[in-house]
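Overview (structure and organization)
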Amino acid sequence: MMKMNWVSIGTLSDIPRRGARCVSTPEGKVAVFRTQDDQVYAIDDHCPHKGGPLSQGIVHGAAVTCPLHNWVISLETGKALGADEGAVRTIPVKVEGERLFIALEALASRAA
Amino acid sequence: MTEKLVIIGNGMAPGRMLEHLLEKAPDRYQVTIFNAEPRVNYDRIMLSPVLSGEKAYEEIIIHGDGWYIKHGITLYKGHKIVAIDRTAKTVTSDHGVTEPYDKLVIATGSVPFIIPVPGHDLPGVLTYRDLDDVQAMMLAAQSRSKAVVIGGGLLGLEAAAGLNSQGMDVTVLHVMPTLMERQLDPAAGYLLQRAVEQRGIKVVTKANTQAITGNGKVEQVELADGTIIPATLVVMAVGIRPNAALAKEAGIAVNRGIVVDAGMRSNDPDIYALGECAEVNGQVYGLVAPLYEMARVAASQLAGDEAAAFVHMDTPTKLKVTGIDLFSLGDFAEGEDRQEIVLRDAAAGVYKRLVLKDDRIIGTVLYGETADGAWFNDLKKKQTDISEMRDTLIFGQSYQGGAPLDPMAAVAALPDDAEICGCNGVCKGKITSAITAKGLNSLDDVRAHTKASASCGSCTGLVEKLMVLTIGDNYNPAAVQPMCGCTTLGHDEVRRLIKAKGLKTIPAVIQELEWTTSCGCAKCRPALNYYLVCDWPDEYADDYQSRFINERVHANIQKDGTYSVVPRMWGGVTNAAELRAIADVVDKFEIPMVKVTGGQRIDMLGIRKEDLPAVWADLGQAGFVSGHAYAKGLRTVKTCVGSDWCRFGTQDSTGLGIRIEKFMWGSWTPAKVKMAVSGCPRNCAEATCKDVGVICVDSGYEIHFAGAAGLDIKGTEVLGMVKTEDEALEHIVALTQMYREQARYLERIYKWAKRVGIAEIKRQIMDDGEKRKAYYERFIFSQKFAQVDPWSERVSGKDKHEFRPMASVGFAEAAE
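The rules behind these values
- Residues numbered from 1 in each chain as written.
- Chains lettered and ligands numbered in written order.
- Predicted model: local features only at pLDDT ≥ 70, side-chain atom pairs only at ≥ 80, totals over all residues.
- Helix = DSSP H or I, 4+ residues; strand = E, 2+ residues; numbered from the N terminus.
- Buried ≥ 20, exposed ≤ 12 C-beta atoms within 10 Å, placed from the backbone.
- Contact = placed C-beta atoms within 7 Å.
- Pairing = 2+ DSSP bridges.
- Core = buried A, V, L, I, M, F, W, Y, C linked by C-beta atoms within 7 Å.
- pLDDT = per-residue confidence, 0-100.
- Axes fitted to C-alpha atoms, helices over the stretch in contact; angles between N-to-C directions.
- Parallel < 35°, antiparallel > 145°, perpendicular 65-115°, else oblique.
- Left-handed = near helix turned anticlockwise from the far one by under 90°.
- Nonpolar A, V, L, I, M, F, W, Y, C, P; charged D, E, K, R; others polar.
- Arc of directions from axis to C-beta.

1. With respect to the overall build of chain B
Counting its secondary structure elements, chain B contains 27 helices and 41 strands. Among the 816 residues that make up chain B, the fraction classed as buried is 47%.

Next comes the structure, spelled out in structure tokens:
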């Protein structure tokens, strides 16, 4: 089994509820979302439609609406919801107390 | 030769009579109406929704001023008739107008019964009868203090619910042991009391009011058992009696009401009476359906059809309090020869009772679930023998014949002569045939052509189902287009309920209005955020997570994720220092593109999000503030050089533009607002395609609005002409505030204006100085909280997290 390389990215309170922050990585920007009920998700900050920055969208339930053309992306699966088709990569997230980690191994293995 | 028809009173019954008469004999009479109330004919049934804030007065008008003009009817508003001279055949008003008649119709309605206890005439004791009463109650409710409603009948409970919605602490006093005892049996009365109490309204039954006391005004109500209830407002809603005094003085036969025959004619053959003041066969009526029937009969008689006759009818009673479903019909007293079927579901708050005699329904009480009311009413009316379906009768129509429980199927199964709209006596067949014959596809059309659901509106759901059944997908439920997938409510209902229920946060709206999602969606949240900002400027905390990214970071997102920045240039005027500062910023941040916008501003495009605060800091040093080029708010006021430079300029258009912009910047609006001021009719600032525009002329300022030059192209409408700059500003501000309060989110001014009507906007802004002033004041109040430069706030550190990455990770590891 692949070794997960968890990297600390900050704390839960760094992200506003129903909001997102970006994490810069060698792979490009990762958008880390916090929902109304404090679930945390990470996906590439790149809409499958025309590359819009998903981190800038409005967060509702476990989904985000892209600010460019209103595609709705599921934070759980990375898939476009509704009539649109497409998907964005999801990145594993771990919450330990207040601290947040993302699995960098996933990024590294993708780079390989 | 036309005969003279004079009508005393302008309520719903004579209004309906005129509609019929104009249809049957349009040219036979020259009509004059005397209305003691200073207004047109409005829907009195809807006073309760007005009181609770769910509707505005404008929405309940049946005949606007235009209707009277169109039909050549003379309406004397605020004229009370004080004498009828039957010999000379004239009537005389309290203002001294004397009008001769060939035929006279008395429709003076009823007067509320006042219990003659000591203190009944103190200031603060009101009745609940007309719009004046409602307005007085709404005014009293502003004090947010205690109200006592005497009377636990239909009117009293509606008044109590309305005052409760307005934020008052309300107690209902009812002399009988259970509420609405004339329409409900004790079990349903108890359920009703519980529901009323759950809304925070106190109910005291068996309450015998002894006195109302206070020093110069109402302070408390005393009951016979010694209880004292503090109150600043007392509403008496204990009943009505026919207003027949005028007829009596004129020597017309009066018993409880004005005695008329089945043709609505009094003992003077040239004088008719109808409505609540009339007594037919010993009966007086207070519900709208029989009154409308009287109107139909009277109109036929006046048109020459002497066979038209009024027949007694039972009318179902419904309570118009949002969230309480109640239906009562006929006779439900117990008796030897009667049987009853009862269904109780205490958990669901449902109670149904049918009273049978000889296997026929004679009475029905439904509480909590009233969908089958129309069907039971139909069975009763037709005296249908129910012995075959007796076992399942109480479960309603959809259970008969094993049909599934589908409301659509239930409506489909109704016979053509089943009554759908009780208020207007409209049956199913009339609605469906009108839909087909006239090609109707909206609720408004059906209301206009058939009157179904046009009075109390409680059968709206049934009418909509009929439309779906008749025309399927062609039914366009535009009137109730929901805001988004999270709710079935439309924008207008949501806006109204936000105010009516005093909802002041997005979670409160989502909870109270029963959204189907946990935290809304990207469509409804920005709309709700705007409505709350607009309605509660001092109390609502703006929810940035519900704003579109542009309004969250105060710049415009571009296709590559960078932003554009537009500093404010008041009226489009700039100078060397500002231009130099912009040039320096462009160099320093290597901004790839600089462009002049259509609204006379300079746009810098391609700025990285992280650089925004630094860009704003440098622009701020030069005195720039945000140009709000990203906002659903005031964008730009475009100007020409006006009388300062132009040889044709008539006024200082540049100065006025700057003044408007400085006054209105920072305000949030339903959609973007672009304005312009031109110094002469050559109109170089292109003011006649803007949301709001001004054309200066020698004699003053012509104010325009509702233009468009985008998706649609539309020239402006003229709001009106004013003489001074001050007036121009006040009118423009008031217009904008009216738009802010009424429009749906993302609805531009021209679309809003088309929906509410240019004439109505002109009436409120140009003609009604008081209204205009009130809009103006509310705008100023809201600006106290809105005029904060968002750029300097963010330069000072607000929302830092927006502009920085949370972390930068992986680079070291990747290098290893």
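There is more to say, and it comes next.
2. Structural notes on the overall build of chain A
In terms of helices and strands, chain A carries 1 helix and 10 strands. Counting helices and strands in the order they occur from the N terminus, chain A gives β-β-β-β-β-β-β-β-β-β-α. Here chain A holds 112 residues, and the buried ones make up 46% of them. Taking all contacts inside chain A whose residues are at least 6 apart in sequence as the whole, residues at least 24 apart take part in 43%.

3. Focus: the interface of chain A and chain B
How large an interface is tends to be reported as the accessible area lost when its parts come together. The partner chain B presents 24 residues to the 28 residues of chain A that form the contact. Those elements that provide at least two residues to the side of chain A that touches chain B are strand 1 (6–11), strand 2 (19–25), strand 5 (58–60) and helix 1 (104–111) of chain A. Pairing between strand 2 of chain A and strand 41 (residues 807–808) of chain B: 2 bridges, direction parallel. Bridge assignment links Val23 of chain A to a residue of strand 41 of chain B, and that residue is Ala807 of chain B.

4. Brief notes about the pairing of strand 2 of chain A
Residues and elements named next belong to chain A. Counting buried positions along strand 2 gives 6 out of 7 residues, so the element sits mostly inside the fold. Strand direction decides the pairing type here: strand 2 and strand 3 (residues 28–34), joined by 7 bridges, are antiparallel. By the bridge assignment, Gly19 is partnered in strand 3 with Arg34. Connecting the antiparallel pair strand 2 and strand 3 is a turn made up of 2 residues.

5. Overview of the nonpolar core
Residue and element names in this part refer to chain B. Counting 138 residues, the largest nonpolar core has Leu192, Val234, Val235, Ile258, Leu274, Ala298 and Ile420 as the members making the most contacts within it. With 9 residues, the top contributor of residues to this core is helix 8 (residues 288–302). Non-local contacts of Leu274, meaning those with residues more than four positions away in its chain, are made with Ala13, Pro14, Met17, Val105, Ala107, Met264, Met294, Ala295 and Ala298. Ranked by size, the runner-up nonpolar core spans 80 residues in total, among them Ile510, Cys524, Val553 and Trp668.

6. Description of the confidence of the model for chain B
With 97% of its residues at a pLDDT of at least 70, chain B reaches an overall mean of 89. This prediction of the complex comes with two scores: 0.57 for pTM and 0.90 for ipTM.

7. Comments concerning the sheet that holds strand 25 (residues 339–345) of chain B
Residue and element names in this part refer to chain B. Taking strand neighbours across the sheet as the criterion, the 5 strands line up as 23-24-27-26-25 in an open arrangement whose pairing is antiparallel. At either margin of the open sheet sits one strand with a lone partner, and together these are strand 23 (317–318) and strand 25. Note: strand 24 (residues 326–330) against strand 27 (residues 360–367), 5 bridges, orientation antiparallel. Counterpart to Leu326 in the pairing with strand 27 is Tyr367.

8. Side note on the environment of Lys206 of chain B
Residue and element names in this part refer to chain B. With respect to the helices, strands and loops of the structure, Lys206 is situated in the loop between strand 14 (202–204) and strand 15 (209–213). Using a count of 13 C-beta atoms within 10 Å as the deciding quantity, one classes Lys206 as partly exposed. On a C-alpha basis, the gap between Lys206 and Leu179 in space is 9.9 Å, while along the polypeptide they are 27 residues apart. Beyond its immediate chain neighbours, meaning those up to four positions away, Lys206 contacts Val175 and Pro177.

9. Quick look at the environment of Pro613 of chain B
Residues and elements named next belong to chain B. Within the secondary structure layout, Pro613 lies in helix 19 (residues 612–621). Classification of Pro613 by C-beta neighbours within 10 Å gives buried; the count is 21. Between the C-alpha atoms of Pro613 and Val795, which are 182 residues apart in sequence, the distance is 5.3 Å. Setting aside residues up to four positions removed in sequence, Pro613 forms contacts with Arg794, Val795 and Phe803.

10. Here's the deal with the pairing of strand 27 of chain B
All names here are of chain B. Counting buried positions over the 8 residues of strand 27 gives 6, a clear majority of the element. With 7 bridges joining them, strand 26 (residues 350–357) and strand 27 adopt antiparallel strand pairing. When the bridges of strand 27 are listed, Lys357 appears paired with Arg360. Hairpin connection of strand 26 to strand 27: 2 residues between the antiparallel strands, including Asp358 at a positive phi of 50°.

11. Thoughts on the sheet that holds strand 3 of chain A
One open sheet accounts for 5 strands, arranged 8(A)-4(A)-3(A)-2(A)-41(B); its pairing is mixed. Each edge of the open sheet carries a strand with a single partner, namely strand 8 (90–91) of chain A together with strand 41 of chain B.

12. Quick word on unusual backbone geometry
Generally, phi is negative for residues other than glycine and the peptide bonds are trans, each holding for most cases. Residues and elements named next belong to chain B. Positive phi, normally seen in glycine, also occurs at Lys206, with a value near 50°. The phi dihedral of Asp799 falls on the positive side, at around 50°, and the residue is not glycine. With respect to the helices and strands, Asp799 occurs in the loop between helix 26 (790–795) and strand 41. A residue is classified by how many C-beta atoms lie within 10 Å of it, and Asp799, with 15 of them, is partly exposed.

13. Some points on the packing of helix 11 (residues 428–438) of chain B against helix 12 (residues 443–450) of chain B
Residue and element names in this part refer to chain B. Interhelical geometry of helix 11 versus helix 12 gives an angle of 110° and a closest axis separation of 10 Å. By the criterion of interaxial angle, the relationship of helix 11 to helix 12 is roughly perpendicular. Remark: the crossing between helix 11 and helix 12 carries right-handed chirality. Along its contact with helix 11, which presents Lys430, Ile431, Ala434, Ile435 and Lys438, the element helix 12 presents Val446, His449 and Thr450.

14. Regarding the environment of Gly152 of chain B
All names here are of chain B. Within the secondary structure layout, Gly152 lies in the loop between strand 12 (146–150) and helix 5 (154–165). The buried category is assigned to Gly152, around which 28 C-beta atoms lie within 10 Å. Separated by 26 residues in sequence, Gly152 and Thr178 have C-alpha atoms that sit 8.3 Å apart. Residues within four places of Gly152 in sequence aside, it is in contact with Leu157, Val172, His174, Leu179, Met180 and Val203.

15. Looking at the packing of helix 11 of chain B against helix 13 (residues 460–471) of chain B
All names here are of chain B. Close contact between helix 11 and helix 13 brings their axes to 10 Å; oriented N to C, the two are set at 50°. Judged by the angle between their axes, helix 11 and helix 13 are oblique. In the crossing of helix 11 with helix 13, the sense of the turn from one axis to the other is right-handed. For the pair helix 11 and helix 13, the contacting residues are Lys428, Ile431, Thr432, Ile435 and Thr436 in the first and Val463, Leu466, Met467, Thr470 and Ile471 in the second. Its residues assigned to classes, the contact of helix 11 with helix 13 shows 6 nonpolar, 3 polar and 1 charged.

16. Regarding helix 24 (residues 758–767) of chain B
Residue and element names in this part refer to chain B. Of all the residues in helix 24, the buried ones are Ile761, Gln764 and Ile765. Buried residues of helix 24, viewed axially, fall in a sector of 85°; they line one side. Residues of helix 24 that are exposed and point over 90 degrees away from its buried face: Ala759 and Asp767. On its buried face, helix 24 is in contact with strand 40 (717–722), helix 22 (725–742), helix 23 (749–756) and helix 25 (769–786).

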